[in-house]
Amino acid sequence: MLRILIAFCLTIIATTARAELDIQQVTSPGGINAWVVEEPAIPFVALEIRIRGGGTLDLPGKRGATNLMAALLEEGSGDMTAQEFQTTLEDLAASFTFRAFDDSMQISARFLTENKEEAIALLRQALIAPRFDQDALDRVRAQVIAGINSDAKSPNAIASSTFYANAFGDHPYGSSIDGTIDSVTALTRDDMFEAHRNALVLDRLFVSVVGDTTAETVGAMLDDLLGDLPAEGPALPDDVAFGLDGGITVVEFETPQSVAFFGQAGLKRDDEDFFAAFVLNHILGAGGFESRLMTEVREKRGLTYGIGTSLVPKYHAEMILGTVASSNETIAEAIEVTRSEWERMAREGVTPEELAVAKTYLTGEYPLRFDGNADIASIMAGMQMIGLTPDYVVDRNSFVEAVTLEDVNRVAAELLQPEGLHFVVVGQPEGLESTQ
Amino acid sequence: MKRLFAVLVMALSATAAQAEEVTTYTLENGMEVVVIEDHRAPVVVHMLWYKVGSADEPVGASGVAHFLEHLLFKATDVLESGEFSATVAANGGRDNAFTSYDYTAYFQRVAADRLELMMQMESNRMNNLRITAEDVETERQVVLEERNQRTENNPNALAREQFRAALFQNHRYGVPIIGWKHEMEELDLQDALGFYDLYYSPNNAILVVAGDVEPEEVLALARQYYGVIPAEDQLPVRERPQEPPQRAERRITYVDARVSQPYLVRMYLAPERDPGAQREAAALVYLAELLGGSPFTSALGQALQFDTQTAIYTNASYNGSTLDDGVFSFSVVPADGVSLSEAEAAMDEVVNAFLEAEIDPARMESIRTQLRASEIYALDDVQGLAQRYGAALSQSLTVADVQEWPEILQSVTEEDIKAVAAKVLNRDQSVTGWVVANQEEAR
């Protein structure tokens, strides 16, 4: 019945630690693929499901439908109302979370070994037979609208939403997955069923299971859990270009500290220069206290509590994004220093010492991530989503090690655009005005 | 449902014996050592907890405990400024620190074979800081920006600060951990060093090491690095100003244009977990769950979010993990068209009805089951376990208290809950806070 395709016993080797991880790749009788790690030490199981699509599948005029649908999966299904469902879940001492993101749905479950059949049956009911009762829809809709109202008065949310709107316009990336008050107010039960039908489909679904279970039993469990989902869903949207030029956009908001959300175009996850860019970004702005931006903006000048940047390769667009917050009187200086570090990095690149230190950290830190059932399940589902194979966990550090100084510095010159960097600043920043 | 339930209880009791493996020692200089073993991954968490927090600060120097925490990443006699974190990173690890009312803790998460290096550096900065006036100037700006980010830019945090200041009439729990802004602006080198010299000593510290380690090896390293540091003989007895009998309820309206949605909070003084006396605290855990744990099954959630559409959010919470008084609180976000006074009246009605009715035995059993299961899930997070011991021991609890807590939780009865509810839900010991964007919403 069950085919175990490959069983990897993987040893992640770093200069500082080795982590053993036995990933078994299984295909269920019904054809559902999963990665499984057996970890019997603690009597529970972590299950992680990701489905590509997410909020980008919202139909025209229905912005927020996928998000609201996801929030309603815990609000009644089968013959249970929301309260009956939750009472049963609490009695099992299990936990389920259902969330929609821009590009994916994420379903995480945690349940005890001794009642796993009951927990899986309950999860199946939520995924396959949600009710979307009108009273639940209205109740959760009010919570979503409260969140939208709150975002409208949050400097951080205003900054990111302004940035995305200007960068992506009408593409789903250009607006919040929560939708607008108007779009959410207009959503109906039929819209929920339609969003459910479109977002929870088998042909772009990825599963990982970690904990007190066996690879032999996972296949049947997954057929039971997911087998009744539709085989496929609607086409995903087209890719979109990052449409924001360099400059500054100031959004006036009465608050003592200005927050800046900044970024420029990035590169794809499967770009051959991805690892060079990854190391570069670590040195520039992702490396905690040691990054150049933290050193210059916080440690030397005391202008902020924190500044950070990250590579953001989404499915349909790529960016390098960052955030920094500083008093209205000092945000201009913080931005000037950031831009000048961007420019210095593009011009000079990194030093051999910086590269060596970054590699030691990045390769040493990697095995430390695999230290809990839920963490491992989440990492493995994420890997499958971007098309990696289990042996990536072994090879990944060699990809980091293979990055040369020439690679990093070439990528720094090609990728970083000090003139292309756009800052959205929310607050009452002194000495800053919007550019055209 | 019923059948499933019986099976569950039987099965769970079989695993209840499972617990973390903990070994404890005390060094000759008075430093406590706790080792938690978890051999699933070759990782170790090294945490040093000082039994001093913001509630131990001198009057007028609020924020100095947290400010000092920042300064501990500067130079020592052998480490350059920033070298501590850089060394942890160069070894593939992460480090950070946090300050609370009752403790200040420093931690690193690294490969297990790097434990000795962590101990070497952490023990070095217990006594050998070399802070400069320039460090103080720059880092003061950093903590002020931290306050801006966490508090000044956040109307909910500002409101909470006002409510706590009113709830505690004499205790330093009424002063924010990060400090009042005007006092933070005046913190200087002497404030930081005075605090450091007195409180950063082995007889005021707890070492917690959790992960892929052997207890004897940890003990040997701890003796080598921490055991040689002399105890501080001037360490003051930890007696902080306590609350007087509180005789009148307090009401506050916090107005801030940045508030998007009016809401109300009610905070009560509540007993905390005490050594050998955790029963009332355990009953309060149940009380919070029953009144406002889950929106679907709690009394407030059912009445205000399901039976009527009075609220879009309800909650009850209890924090008894404190050295002195804890806090029990409710919060309610009214639905569109419901005023704060209507929401507050509805909330009080639900709480009063709860006090008069019998507690549903099925709900009690469900909470017991979830608490028992949470102990199993907790084993998946060794840093969480380390934190549990470090926090408890710095708040005067013992290892035995920590280990008895799950069983005490299992033994809570309906009578315990009723008794503690009658004692704690006393408006004379409470603050009711309304948070609004403008005066028109305060009705």
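In what follows, the structure referred to is the one given above.
Now for a look at the structure at hand. The model shown is predicted, which means the values in this text are computed figures rather than measured ones. (Residues numbered from 1 in each chain as written. Chains lettered and ligands numbered in written order. Predicted model: local features only at pLDDT ≥ 70, side-chain atom pairs only at ≥ 80, totals over all residues. Heavy atoms only, no water.)

**Observations regarding the packing of aromatic side chains**
All names here are of chain A.
Argument step 1. Taken as a whole and judged by the stated rule, the model has 35 aromatic pairs over all chains.
Argument step 2. Relative to Trp-342, the ring of Phe-262 lies with its centre 6.0 Å away and its plane at 80°, an arrangement referred to as edge-to-face. One end of the pair, Phe-262, is in strand 11 (residues 257–265); the other, Trp-342, is in helix 11 (residues 331–348), and 80 residues separate them in sequence. An identical accessibility class is assigned to Phe-262 and Trp-342; each is buried.
Argument step 3. Aromatic pair Phe-274 and Phe-278: ring centres 6.3 Å apart, planes at 15°, arrangement stacked. Remark: Phe-278 and Phe-274 occur in helix 9 (residues 274–286); sequence separation between them is four residues, near one turn of the helix.
Argument step 4. Judged by its relative accessible area of 23%, Phe-278 is partly exposed. (Phe/Tyr/Trp six-rings, centres within 6.5 Å; stacked < 30°, edge-to-face > 60°. Helix = DSSP H or I, 4+ residues; strand = E, 2+ residues; numbered from the N terminus. Buried < 20%, exposed > 50% of the residue type's maximum accessible area, 1.4 Å probe, protein only.)

**Considering the side chain of Glu48(A)**
All names here are of chain A.
Argument step 1. Looking at the element boundaries, Glu-48 is found in strand 4 (residues 44–52).
Argument step 2. Residue classification places Glu-48 among the buried residues on the basis of a relative accessible area of 5%.
Argument step 3. At a separation of 3.0 Å, a polar atom in the side chain of Glu-48 contacts the side chain of Gln-106.
Argument step 4. Leaving out residues up to four positions away in the same chain, Glu-48 has contacts with Gln-106, Ile-107, Ser-108, Phe-206, Val-207, Ser-208, Ala-377, Ser-378 and Ala-381. (Polar contact = N/O pair within 3.5 Å; in protein donor to acceptor, adjacent residues only side chain to side chain. Contact = heavy atoms within 4.5 Å.)

**Overview of the nonpolar core**
All names here are of chain A.
Argument step 1. If you look at the biggest cluster of nonpolar residues, it comprises 90 residues, and the most contacted ones within it are Val-279 and Leu-416.
Argument step 2. Here this core takes eight residues from helix 9, the largest share from any one element.
Argument step 3. If we skip the residues at most four places from it in the chain, Leu-416 touches Gln-264, Leu-280, Leu-284, Ile-320, Trp-342, Met-345, Ala-346 and Val-411.
Argument step 4. Within the second largest apolar cluster, 58 residues are counted, among which are Met-80, Leu-127, Leu-205 and Leu-226. (Core = buried A, V, L, I, M, F, W, Y, C linked by side-chain atoms within 4.5 Å.)

**With respect to the interface of chain A and chain B**
Think of interface size as the accessible area that goes away when the parts come together; that is how it is often given.
Argument step 1. Opposite the 70 residues of chain A that make contact, chain B presents 63 residues.
Argument step 2. Approximately 5500 Å² of surface area, both sides summed, lies buried where chain A meets chain B, with 56% of it carried by carbon and sulfur atoms.
Argument step 3. Three residues, Glu90(A), Tyr305(A) and Leu368(A), lead the burial of chain A against chain B; their summed loss comes to 13% of the area buried on that side.
Argument step 4. Counting the contacts that link chain A with chain B gives four salt bridges.
Argument step 5. Tallying contributions element by element places helix 2 (residues 82–92) of chain A first for the side of chain A that touches chain B, with eight residues.
Argument step 6. Split by residue class, the side of chain A that touches chain B holds 27 nonpolar, 24 polar and 19 charged. (Buried area = accessible area lost by both parts, 1.4 Å probe. Salt bridge = Lys/Arg side-chain N within 4 Å of Asp/Glu carboxyl O. Nonpolar A, V, L, I, M, F, W, Y, C, P; charged D, E, K, R; others polar.)

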